[in-house]
Amino acid sequence: MQIASNFRLLETQTLSKIHETSLDILANTGIIFQSAECLEIFKAHGAKVDGQTVFIQEEMVDKAVNSSPETFQWEALNCERTINVGKEQQGIHVSMNNGPIYIQDLDMGRRPGTMKDLINLYKLGQQSKICSIVGQIPVEPGEVKNPHRYLDIFQQLLHHTDKPLFGYVGSQKEINQMFDMVKIYMGDPDCLKNKHLIGVSLNPLSPLRYDKTPCETMLAYAKEGQPIMVLTCAMSGVTAPADPMGTVVLQNVEILAGLVLSQLIGGIV
């Protein structure tokens, strides 16, 4: 039996209203960036900045949108597994989840995740015919407590997959160390300059705020020209308006703000 989809495309008039309202919020309400470096980048490109609040004008948004590529190749460690994203994309690309603390299996039920569990999930992602992108942290290895655990996790990712990589958030120092590991693995110190090898998703702190970690992450990835996906987590009635359309507008504002900043960091706008 076929199940009807709940997804519906909005009319062009409604989409235009969402965009116009988003531009009004960006220009007149503004959005907070808790990063001195990000604020300086906005100032250098002519944006009005008041404290940590940035007011982004329509012209800057238009330049960011128009300068974004319609499609790009997400290179894999094994070139035969490289995928196209965007206009030339074929089918849906599936990636792993990110962030659970607990894992569940048939033998032990629900329990805290371990490094062994994380490795097994990376292995499953590598062998999956459905999952074309491997990475993030599909379960937290709770027993790993050392201050360099992010490198231990990333080492396991590099060791257990040759598909396109999905990284994770952190400070610029932490992410640059992971980038160095990719360069060592590839045997090419310039590999990130020539290829889109590792993507990341990051979350604004709804409503209308980017705190330190996503700012640091965006700075590190954009400077190296790697893919960034703004995954807004606005929740209707909690961190967003109760009205669904209000939530859509808020999400659009946060995504556009992240797009503008990433293009400015990359020197594209």
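Residues numbered from 1 in each chain as written. Predicted model: local features only at pLDDT ≥ 70, side-chain atom pairs only at ≥ 80, totals over all residues. Heavy atoms only, no water.

Q: Please clarify how the overall build of the protein chain should be interpreted in this entry.
A: Looking only at helices and strands, the protein chain features nine helices and 13 strands. On C-alpha atoms alone, the protein chain measures out to a radius of gyration of 20 Å, which is about the 18 Å that the 2.2 N^0.38 rule sets for 269 residues. Projected onto its principal axes, the C-alpha coordinates of the protein chain cover approximately 55 × 55 × 40 Å. For the protein chain, buried positions account for 43% of its 269 residues. For the protein chain, the share of sequence-separated contacts (at least 6 apart) that also reach a separation of at least 24 residues comes to 68%. As displayed, the protein chain has an accessible area near 14900 Å², and 53% of this comes from carbon and sulfur atoms. Computing the positive centroid from 22 side-chain charges and the negative centroid from 29, the protein chain places the two 5 Å apart. (Helix = DSSP H or I, 4+ residues; strand = E, 2+ residues; numbered from the N terminus. Rg over C-alpha atoms; globule rule 2.2 N^0.38 Å. Buried < 20%, exposed > 50% of the residue type's maximum accessible area, 1.4 Å probe, protein only. Contact = heavy atoms within 4.5 Å. Areas by Shrake-Rupley, 256 points an atom, 1.4 Å probe, with all protein chains shown as cover. Lys, Arg positive; Asp, Glu negative; His and termini not counted. Charge placed at Lys NZ, Arg CZ, Asp CG, Glu CD.)

Q: What is the right way to read the packing of helix α1 (residues 12–29) against helix α9 (residues 244–265) from this model?
A: Between two packed helices, both the angle of their axes relative to each other and the distance between the axes serve to describe the pair. Contact geometry of α1 with α9 gives a least axis separation of 9 Å together with a crossing angle of 60°. Classified by the interaxial angle, the pair formed by α1 and α9 is oblique. Here α1 and α9 pass one another in a crossing that is right-handed. For the pair formed by α1 and α9, the contact residues are Thr14, Ile18, His19, Thr21, Ser22, Ile25 and Leu26 on the first element and Met245, Val248, Val249, Asn252, Val253, Leu256 and Ala257 on the second. In terms of residue class, the contact of α1 with α9 is made up of nine nonpolar, five polar and no charged. (Axes fitted to C-alpha atoms, helices over the stretch in contact; angles between N-to-C directions. Parallel < 35°, antiparallel > 145°, perpendicular 65-115°, else oblique. Left-handed = near helix turned anticlockwise from the far one by under 90°. Nonpolar A, V, L, I, M, F, W, Y, C, P; charged D, E, K, R; others polar.)

Q: What is the right way to look at the sheet that holds strand β6 (residues 94–95) in this model?
A: Strands in a sheet are paired, the pairing made by backbone hydrogen bonds, and the direction either parallel or antiparallel. Ordered in space as β6-β9-β10-β11-β13, the five strands form an open sheet in which the pairing is parallel. Looking at the sheet topology across the chains shown, the edges are occupied by β6 and β13 (228–230). As paired strands, β6 and strand β9 (residues 131–135) are joined by two bridges and run parallel to one another. Note that in β9 the partner of Ser95 across the bridge is Ile133. (Pairing = 2+ DSSP bridges.)

Q: What should I look at first to understand the packing of aromatic side chains in this one?
A: What characterises a pair of aromatic rings is the spacing of the ring centres plus the angle enclosed by the ring planes. Throughout the structure, instances matching the rule amount to five aromatic pairs. With a centroid separation of 5.0 Å and 5° between ring planes, the pair formed by Phe33 and Tyr210 is classed as stacked. Linking Phe33 in strand β1 (residues 31–33) with Tyr210 in strand β12 (residues 209–210), this pair joins segments that are 177 residues apart in sequence. The buried category is assigned to Tyr210, whose relative accessible area is 0%. Considering the side-chain rings of Phe179 and Tyr221, the 5.1 Å spacing of their centres and the 80° angle between planes classify their relative orientation as edge-to-face. Taken as a pair, Phe179 in helix α6 (residues 172–186) and Tyr221 in helix α8 (residues 212–223) lie far apart in primary sequence, 42 residues in all. Classification of Phe179 by relative accessible area gives buried; the value is 1%. Members of the aromatic cluster, connected to one another through ring pairs, are Phe33, Phe42 and Tyr210. Over the face of the ring belonging to Phe55 we find Lys48, whose NZ or CZ atom lies 4.9 Å from the ring centre. (Phe/Tyr/Trp six-rings, centres within 6.5 Å; stacked < 30°, edge-to-face > 60°. Lys NZ or Arg CZ within 6 Å of the ring centre and 35° of its normal.)

Q: Quick question: what am I supposed to make of the side chain of Ser262 here?
A: With respect to the helices and strands, Ser262 occurs in helix α9. The class for Ser262 is buried, based on a relative accessible area of 12%. If we skip the residues at most four places from it in the chain, Ser262 touches Met218, Ala222 and Ile228.

Q: Just to check I follow, could you spell out the pairing of strand β11 (residues 198–202) for this structure?
A: In summary, the side chains of a regular strand alternate between the two faces of the sheet. Judged by how many residues are buried, β11 sits mostly within the fold: five of five residues are covered. Taking every second residue as pointing to the same face, both faces of β11 are buried, with Ile198, Val200 and Leu202 on one and Gly199 and Ser201 on the other. With two bridges connecting them, strand β10 (residues 165–166) and β11 associate as parallel partners. Bridged to Leu165 within β11 is Ile198. Pairing of β11 with β13, which is carried by three bridges, proceeds in the parallel orientation. Pairing of Leu202 across the sheet is with Val230, part of β13.

Q: Mind showing me how you'd approach the environment of Glu80 here?
A: Inspection of the secondary structure assignment puts Glu80 in the loop between β4 (71–74) and β5 (83–86). Residue class for Glu80 comes out exposed when judged on its relative accessible area of 72%. Put simply, Glu80 and Lys163 are 83 residues apart on the chain and 8.8 Å apart in space, counted from C-alpha to C-alpha.

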